[in-house]
Each structure stands twice: as structure tokens, then as C-alpha cells.
Amino acid sequence: MNALTEHIQQTSLVDTHEHMQPEQRYVDEGPDVLVDLFGNYVAADLISAGATQRAVDALLDSNNSDIEQRWAGVREAWQHCRHTGYGEATRSVARDVYGMDEISVAGIEAAAETNRQLRRPGERLRILRERGRLDHIQTDDMQWRCAPDASGPDFFLYDFSLRDFAVGVFDAQALEEETGIEVRDLASLDAGLEALYARYGPLAIAVKTQHAYDRTLLWRKRSRAEVSPVLARHLRGEALDVAERLCLGDWCLDRGAALAAEYNLPLKIHTGYYAGNNRMPVDFIKPGNVCALLAEHLDTRFVLMHSGWPYDAELAALAKHYANVWVDMCWAWSIDPHSNVDFLRRMIHSAPLNKIFAFGGDTAWPNAAVAYAQQARRGLARALQAEVEEGTFDEGEAMALATKLMSGNQYACFDVAGRRGALRAALATAR
């Protein structure tokens, strides 16, 4: 292992995107061995390889103690996808956590005690901090609330979810219960949104929306006259058609982006590839669709996620052109490890170096996050070593850039210290 690789392996890594399940759920209902191995994105590869949904559901049913039956339905499909990025991470967990060079029924059964030991209070934090060498993780739990996480308030930071507003399906009753503001019209909706940001913005690390799963990323400015009758229909409980949901969602996204700037919150937007199988309208997901929104809110810091894969060239162009755009390689190393080595090298030569975040796992359980972090470290090392060999940097410069991509850029974009201080204060008050 050369000095550059050693540096990347040992340097703390900011994890900008997870869907990490909370401590109590991890302890009480957390993954058994099979779920720890396959309860992440590799399940979609199994289906693409020919396994049935029923077989994958059975595999992930931790209430079923028949390990052989659960494994049999996907064994053949696993052989077809063991070398994908997702499969590579699964093999890493099998080997490094459970001592299995090859996944087998006997190995799974033998690993059960290790699994039980790992699912104790405090282990989630230890795995992520010590094994993963993560500085902190930023979790999207798809909620507005960003309360302090008592299991690690400085480590587990949370995104404020804007998704339901951006899709145009927000729950007005829930908003009233949260803020005390009854939504009757656009003015009161605006007041309700402001009240949400006022309550949770100081505690959130960012605003997050993955509305690309439910609508196009293409955005346009909407007038109050255009939106008001649509909102009235929504408040009456009438079903909105696609055009109406886009209209209401665009207005909410506009306001949410403006409020993000007011509360010093970057706005994270899912771009590119979908999780799951058999539903991905590719015209929805292109990063270039957000250009009008970026131009409308030049004071808002936009974090465009997942390398925009497979439209990564569009994302690089946005980061090069817009001062308010950052590129997050979260999840991307596991989707397509080799393309993202190339993408990082192209980013180095096309966009400013302060615009790139190296990693986010996008997982639910700690062992998967660690495996995905290992992939990111390997990919980062391959990309930067190639640049050293071509003479772009000397080794010392490459090591400094690695630190920048792994944590420095993130600390410059996100108010980590401010949010940690606010969370500690909130936790002290609650006690």
C-alpha cells in the first residue's frame, strides 16, 4: 500500500447521505445476517438477474428462521451479480464482518452470534465511526423533524425533508399540527413553510428532496394566480392530475429553495438513477432539468446527488457553470464503481475542486454503509493514483486533494459546527 492509498484509508470521511435507521430500531428490529448482507441495493440486482420479487421478499424476511429456504430462491441470481458494485459491497460485509469468503447456508448460520453481538446499544455508532472511519453521517429519514439523536448527537445529523412539498402532495393537516398554522391559501401555506423552517432549520444539516422519483426534475416559475386554484383543490381533498401536482410542487420547491438560503441550509436534490426495478422514466432524472431552478436561486447552495449517473457529464457541466452547485458522489461508487473513477478524474479537469463531495452511502444499516465507504476509498485512490502517474499532481498534492474531497469541501459547504452546537443545546434543554 503506497502513501496515497494509506492516507485515503486512514483519513476521516464525511458521509453526506444515508437513510440510516435509528438506534432503537437497529437494536430491536435490526438486520439478521441475510438482511445485513442483502437488505440494501443488491436486492434490485438480484431481481434484474432473474430472481422473483417473491424470492427476494422471502430472503429479507427475518421472521423466517429457515435460512436454507430463504437463500435457495436467490442463490442462482447471486452468482450473476456478485461482481456488480452492489455485489462487491455485499461480499465485503460477508468477508469482513462475518468471515465468509463465500456466502453459504452454513456460513450464514454460523454468523448469527456475531450478528447478535453487533446489534447492541452503541454498536451502530461504533461500527460507523471506528470501522467506517466516518466523521459524521447526514441522514435523510424523510421527515421534517430534525431532533437531536441522543445515541450520537454530534455524529448523526439529519436532513429536513422537502419531498412532499416538491411533489405537490403535502399533508395540510400535519402541517397545521406541527406549526399551528391552518393552510387556507397560498399566504398561509407560505407561513406554514416558514414556521417549519424556523423550527427545524437551525437543527437540520440540509434540506433534501428526492422528488425525481415521482415527477420530473424539470422546474418552472409559477405565478400565484396559477397556483392558488390548484392549492384550493388540494385543500378540499380533490385528486390533482399530473399537471396540477407539478404546478403546486414547483411553487413549493421555489419557496423551499428560498427558505433554504435564509436558514443557511444546502438543498440536496436526487438526480439520476432510481433505486428498485422496472420504473425509471429517464426524462425525469437528468440533472440539466434543474437549470431554471439553479438560476432562480443563485443564493441557495444546491447539492446535486449520485453523480447524476448515467448523465454525469451534465452534472459536471452544471458544477462548472453555476457557482451555487456542488456535486455529491453519494451512492454512485456502488452503482458503477469504474465509471465513477473516470467521472472523478473528469471532474478534476473540468470543474473547480471545491465542488466535489466524495461519499455518501445511501444505506439503512451500518455494515452496508461501511462497505460502501470502503468502495469510495478504493475508487478515490484509483482515480488520484492515476493522476499522480500522469503527472497532474505529486503524491503530496494528491493526498491534500483527497482530504479536501473527503471532508474539507463538506465542512466548507455545510454548517457542521453550527448545527452540532444547536443540537447539543436542544438536547440539553430537553433533559
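Residues numbered from 1 in each chain as written. Predicted model: local features only at pLDDT ≥ 70, side-chain atom pairs only at ≥ 80, totals over all residues. Heavy atoms only, no water.

Q: Which parts of the structure should I look at to understand the overall build of the protein chain?
A: Looking only at helices and strands, one finds 24 helices and eight strands in the protein chain. The principal-axis extent of the C-alpha atoms belonging to the protein chain is close to 65 × 55 × 50 Å. When burial is assessed residue by residue, the protein chain has 57% of its 431 residues classed as buried. A total of about 17000 Å² of accessible surface is found on the protein chain, and carbon and sulfur atoms cover 50% of it. A gap of 1 Å separates the mean positions of the 45 positive and 61 negative side-chain charges of the protein chain. (Helix = DSSP H or I, 4+ residues; strand = E, 2+ residues; numbered from the N terminus. Buried < 20%, exposed > 50% of the residue type's maximum accessible area, 1.4 Å probe, protein only. Areas by Shrake-Rupley, 256 points an atom, 1.4 Å probe, with all protein chains shown as cover. Lys, Arg positive; Asp, Glu negative; His and termini not counted. Charge placed at Lys NZ, Arg CZ, Asp CG, Glu CD.)

Q: Could you clarify how one ought to interpret the state of the cysteines in this entry?
A: Throughout this description, disulfide means a covalent bond between two cysteine sulfur atoms. By the definition in use, this model includes zero disulfides. Cys413 supplies the cysteine sulfur nearest to Cys330, a cysteine that is in no disulfide, at a spacing of 12 Å. Note on Cys413: relative accessible area 2%, which makes it buried. (Disulfide = S-S within 2.5 Å.)

Q: Is there a simple way to think about the pattern of salt bridges in this case?
A: Working definition: two side chains of opposite charge can pair if their charged atoms are close together. This structure, assessed with the given rule, holds 33 salt bridges. Between Arg255 and Asp190 there is a salt bridge whose closest N-O contact spans 2.9 Å. A residue pair is termed long-range when its members are at least 10 positions apart, and Arg255 in helix 16 (residues 242-262) and Asp190 in helix 14 (residues 186-200) qualify at 65 residues. We note that Arg255, like Asp190, is buried. Put simply, Arg236 and Glu238 hold a salt bridge, and the shortest N to O gap is 2.7 Å. Here Arg236 falls in the exposed class, since its relative accessible area comes to 55%. A single salt-bridge network, built from bridges that share partners, covers Arg215, Arg220, Arg222, Glu226 and Asp250. (Salt bridge = Lys/Arg side-chain N within 4 Å of Asp/Glu carboxyl O.)

Q: Hey, could you run me through the pairing of strand 4 (residues 206-209) in this one?
A: The side chains of a regular strand alternate between the sheet's two faces. On strand 4, burial covers both faces: Ala206 and Lys208 on one face and Val207 and Thr209 on the other are all buried. One ladder, built from three bridges, connects strand 3 (residues 156-161) with strand 4; its direction is parallel. Paired with Asp159 across the bridge in strand 4 is Ala206. Judged from the three bridges that link them, strand 4 and strand 5 (residues 267-270) form a sheet pairing that is parallel. Pairing of Thr209 across the sheet is with Ile269, part of strand 5. (Pairing = 2+ DSSP bridges.)

Q: Explain the packing of helix 14 against helix 16 to me, please; I cannot follow it from the model alone.
A: Axis separation between helix 14 and helix 16 bottoms out at 11 Å; the angle between their running directions is 40°. In terms of orientation, helix 14 and helix 16 fall into the oblique class. Two packed elements cross with a definite hand, and for helix 14 against helix 16 that hand is right-handed. Listed contacts from helix 16 to Leu186, Leu189, Asp190, Leu193, Glu194 and Tyr197 of helix 14 are Leu248, Trp251, Cys252, Arg255, Gly256, Leu259 and Ala260. (Axes fitted to C-alpha atoms, helices over the stretch in contact; angles between N-to-C directions. Parallel < 35°, antiparallel > 145°, perpendicular 65-115°, else oblique. Left-handed = near helix turned anticlockwise from the far one by under 90°. Contact = heavy atoms within 4.5 Å.)

Q: Help me understand the sheet that holds strand 8 (residues 356-357), please; the structure alone is not making it clear to me.
A: Here we have eight strands laid out as an open sheet, ordered 1-2-3-4-5-6-7-8, and parallel in their pairing. Of all the strands in the sheet, the pair left with one neighbour each is strand 1 (13-18) and strand 8.

Q: Teacher, can you tell me more about helix 16 here?
A: Every α-helical turn comprises 3.6 residues, leaving residues that sit three or four positions apart pointing alike. For helix 16, which comprises 21 residues, the first-to-last C-alpha distance of 30 Å matches the rise-based estimate of 30 Å (1.5 Å per residue) to within 8%. Buried residues dominate helix 16, accounting for 16 of its 21 residues. Capping the start of helix 16, Asp241 holds a side-chain oxygen 3.2 Å from the backbone nitrogen of Ala243, two or three residues further along. Just downstream of helix 16, Asn264 is the residue with a positive phi angle, here 60°. (Expected span 1.5 Å × (residues − 1). Polar contact = N/O pair within 3.5 Å; in protein donor to acceptor, adjacent residues only side chain to side chain.)

Q: Would you explain the packing of aromatic side chains in this entry?
A: To describe a pair of aromatic rings, you give the distance between the ring centres and the angle between the ring planes. Tallying each qualifying case throughout the model produces 14 aromatic pairs. Ring plane angle 20° and centroid distance 4.5 Å describe the contact between Tyr213 and Tyr274, whose orientation is recorded as stacked. Taken together, the residues span a long stretch of sequence, with Tyr213 in the loop between strand 4 and helix 15 (224-235) and Tyr274 in the loop between strand 5 and helix 17 (282-285) at a distance of 61 residues. Of the two residues examined, Tyr213 and Tyr274, each falls in the buried class. Grouping aromatic residues by their ring pairs yields a cluster made of Tyr41, Tyr86, Tyr273, Trp309 and Trp331. Arg124 extends its terminal NZ or CZ atom over the ring of Phe156, reaching a point 3.9 Å from the ring centre. For the cation-ring pair, Lys355 lies above Trp326, with the distance from its terminal atom to the ring centre recorded as 5.5 Å. (Phe/Tyr/Trp six-rings, centres within 6.5 Å; stacked < 30°, edge-to-face > 60°. Lys NZ or Arg CZ within 6 Å of the ring centre and 35° of its normal.)

Q: Could you clarify how one ought to interpret helix 11 (residues 123-131) in this entry?
A: Taken together, the buried positions of helix 11 are Glu123, Arg124, Leu125, Ile127 and Leu128. Of the surrounding secondary structure, the elements contacted by the buried residues of helix 11 are helix 2 (23-29), helix 10 (112-118), strand 2 (134-139), strand 3 and helix 22 (366-390). Arg133 sits one or two residues past helix 11 and shows a positive phi near 50°.

Q: Would you mind going over the nonpolar core with me for this structure?
A: What tends to happen in soluble globular proteins is that the nonpolar side chains get buried as a cluster. Among the nonpolar cores identified, the biggest contains 139 residues, and Phe38, Leu46, Phe160, Phe165, Leu189 and Leu384 are the most heavily contacted of them. Considering each element in turn, this core owes the most residues, ten residues, to helix 22. Excluding its chain neighbours within four sequence positions, the residues that come into contact with Phe38 are Ala43, Leu46, Leu59, Leu60, Trp71, Trp78, Thr90 and Ile103. (Core = buried A, V, L, I, M, F, W, Y, C linked by side-chain atoms within 4.5 Å.)

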